[in-house]
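Below, each chain spelled out in residue letters.
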Amino acid sequence: MTRILTVPTQPIDGQKPGTSGLRKKTKIFMGPHYLENFTQSVFDAIGGVQDKILILGGDGRYFNDRAVQVILRMAAANGAARMIVGQGGLLSTPAASNLIRKLGADGGIILSASHNPGGIDEDFGMKFNGANGGPAPESVTDLIFTRTQELTEYRILEGADLDLSVIGETEMGGMAVEIVDPVADYAQLMGELFDFDLIRNLFIGGFRMRFDAMHAVTGPYATAILEGILGAPKGTVVNGTPSPDFGGGHPDPNPVWAADLMQAMFGKDAPDFGAASDGDGDRNMIVGRGIYVTPSDSLAVLAANAHLAPAYKKGLAGIARSMPTSRAADRVAEKLGIECHETPTGWKFFGNLLDAGRVTICGEESAGTGSDHVREKDGLWAVLLWLNILARRIEPVEQIMSAHWAEFGRNYYSRHDYEAVPSERANALIQRLRDISADLPGQQFQGLTVEQADDFAYHDPVDGSVSANQGIRIGFTDGSRVVLRLSGTGTEGATLRVYLERYEADPARHGLPVEEALAPVIAAAEEIALIREFTGRAQPDVTT
Ligand code: VG1
Ligand code: CO
């Protein structure tokens, strides 16, 4: 029986879905009517789900299983034709994107707070992807937000839970529910893009790798593809079983949270290649023996070498990077003579460019890389493209990096995060920069002269839409750059992100420690933005 429940109180606490969906403390999502209100708002904002087909799955964090049952009952009560759910309620973000596209679904719901920790006292999240497989664009997230503010009732079916552990088709209140293997279609797609025989031979030849799934959703994918299909030795994948609290850590693939992997790759008897992925499987971290590859550099190297993999052998249409990502990829685009786009942070901004066939490869400094094979960033895809390149070049990662820098120059890069800053302090810092940016050009800070400064506004070349206030950019005459913006994925106060970049053409200066190379830029950022004064912090909480 369908029940129509009237919402007793203010439905949602007035927050817009951020960079990717809505993220909140798990207990908030578990609170009375909260998940239900947000779900109904999503359904209403996309014009209802009557007769529609949706994909549903999540990264396995705490509350994932319960939320799937609620969403299924609501989809049934709202007249959906069919829900396709990953077995056990699991789907990585790129696998969900692939299923939406492959099965011609109207969209999908992904339950994840990505790299944020999981558990009853940690974070939960929900995002909606449209029929192209990509994150809902701002026009849709704005509609969802508006709907949360005016919602008065939601529809839900009463009934028992479905058993999500059995693959096959079942039914709920007239709606078909199909439980699918979360890995199979994705693994097949990867096999179409890359030269699996060549990578198999690499492992046969004794190449050693360590993939850290960080107790999150890529465990089953990496185990099936790397150890199963590609024949990497058992034990190549570590922390491969998804756990509701990600083993108590942050499933954030960077040198801080993947410290074990760093230690293994810099230690005695290190493997040839190391990689990690985040909570929902859309990000990646790449480490060679004794060398960490920054995500910005990884994007540039993948773009420069993509033609070595079957899917990209005809070359790339163009490259896009998020605004704070280093400009290393721009130099590759220039050399290849292809388009290069700078978009705001968040994968949704790549969708139009990919759909229009203007770009093939995209990336973000936060360890997201992907291509036109889906409409999400894709962690394992990046790892497999690296493997395909390594199998063709037969060179250590370190050598590939130094050759790349010798050819294109090196963009030293780092990001400093200040977490849980009181929102009014963080907003005031950004507002002040907005106010003074027009006066900065020509001024000198720590020996660096400002060339350009603004609050980035993106003009989408495909649909003409404008997204303003996307972050402060301060460029210096020597090619260095500072970017400051506030995170859209945090759940506590504000997170200030400071992105620092310096270009070095001279190969004799490509071996400096990163913090040393960036020292003048870091000092200039402090002098311009008064970060210590506004945040009250002497140094960043996380440096990546
Ligand atoms: C962060 C990253 C951004 C990424 C977003 C979602 O956003 O900086 O590059 O697209 O997370 O990634 P923010 O607004 O906190 O800086 V994921 O893996 O959380 O879907
Ligand atoms: Co993610």
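Residues numbered from 1 in each chain as written. Chains lettered and ligands numbered in written order. Predicted model: local features only at pLDDT ≥ 70, side-chain atom pairs only at ≥ 80, totals over all residues. Heavy atoms only, no water.

**Some points on the packing of aromatic side chains**
Working step 1: This model, assessed by the stated rule, comprises 11 aromatic pairs.
Working step 2: Geometrically, the ring pair formed by Tyr 186 and Tyr 221 is edge-to-face, given 5.6 Å between the ring centres and 90° between the ring planes. Within this pair, whereas Tyr 186 is found in helix α6 (residues 184-193), its partner Tyr 221 is found in helix α8 (residues 218-229), the two being separated by 35 residues in sequence. Each member of the pair Tyr 186 and Tyr 221 is classed as buried.
Working step 3: Cluster of aromatic residues (ring-pair linked, three or more members): Phe 29, Tyr 34, Phe 63 and Phe 124.
Working step 4: The ring of Tyr 503 carries the charged tip of Arg 331 above its face, separated from the ring centre by 3.4 Å.
Working step 5: Sitting above the plane of the Phe 408 ring, Lys 335 keeps its charged end 5.4 Å from the centroid. (Phe/Tyr/Trp six-rings, centres within 6.5 Å; stacked < 30°, edge-to-face > 60°. Helix = DSSP H or I, 4+ residues; strand = E, 2+ residues; numbered from the N terminus. Buried < 20%, exposed > 50% of the residue type's maximum accessible area, 1.4 Å probe, protein only. Lys NZ or Arg CZ within 6 Å of the ring centre and 35° of its normal.)

**Regarding the side chain of Ser 366**
Working step 1: Of note, Ser 366 is situated in the loop between β17 (361-364) and β18 (368-371).
Working step 2: Not counting the four nearest positions on each side in its chain, Ser 366 is found in contact with Arg 283 and Arg 415. (Contact = heavy atoms within 4.5 Å.)

**So, the UniProt feature "domain: Alpha-D-phosphohexomutase alpha/beta/alpha" (unreviewed entry) in the protein**
Working step 1: As annotated by UniProt and renumbered to match this structure, "domain: Alpha-D-phosphohexomutase alpha/beta/alpha" (unreviewed entry) occupies residues 15-154, 186-287 and 296-408.
Working step 2: Summarising residues 186-287: 36% helix, 15% strand, and an end-to-end C-alpha distance of 24 Å.
Working step 3: The span residues 296-408 is 45% helical and 16% strand by assignment, and the distance between its end C-alpha atoms comes to 13 Å. (UniProt positions renumbered as here; feature names shortened; annotations may be inferred.)

**A closer look at the packing of helix α10 (residues 295-305) against helix α14 (residues 397-408)**
Working step 1: With their axes 11 Å apart at the nearest point, α10 and α14 run at an angle of 85° to one another. Taken together, α10 and α14 sit at an angle that is classed as roughly perpendicular. Of the residues in α14, those touching α10 at Asp 297, Ala 300, Val 301 and Ala 304 are Ile 400, Met 401, His 404, Trp 405 and Phe 408.
Working step 2: Each residue belonging to the contact of α10 with α14 can be placed in one class, and the counts come to seven nonpolar, one polar and one charged. (Axes fitted to C-alpha atoms, helices over the stretch in contact; angles between N-to-C directions. Parallel < 35°, antiparallel > 145°, perpendicular 65-115°, else oblique. Nonpolar A, V, L, I, M, F, W, Y, C, P; charged D, E, K, R; others polar.)

**Here we look at the pairing of strand β4 (residues 82-90)**
In regular strands, side chains alternate between the two faces of the sheet.
Working step 1: Bridging between strand β3 (residues 53-58) and β4 involves five bridges; their strand directions are parallel. By the bridge assignment, Ile 55 is partnered in β4 with Ile 84.
Working step 2: Considered for its hand, the β-α-β crossover made up of β3, helix α3 (residues 64-77) and β4 is right-handed.
Working step 3: Sheet topology note: the β4/strand β9 (residues 175-180) ladder contains five bridges and is parallel. Its bridge partner lying in β9, Arg 82 is registered against Ala 176. (Pairing = 2+ DSSP bridges. Right-handed = clockwise from strand over helix to strand, strands pointing away.)

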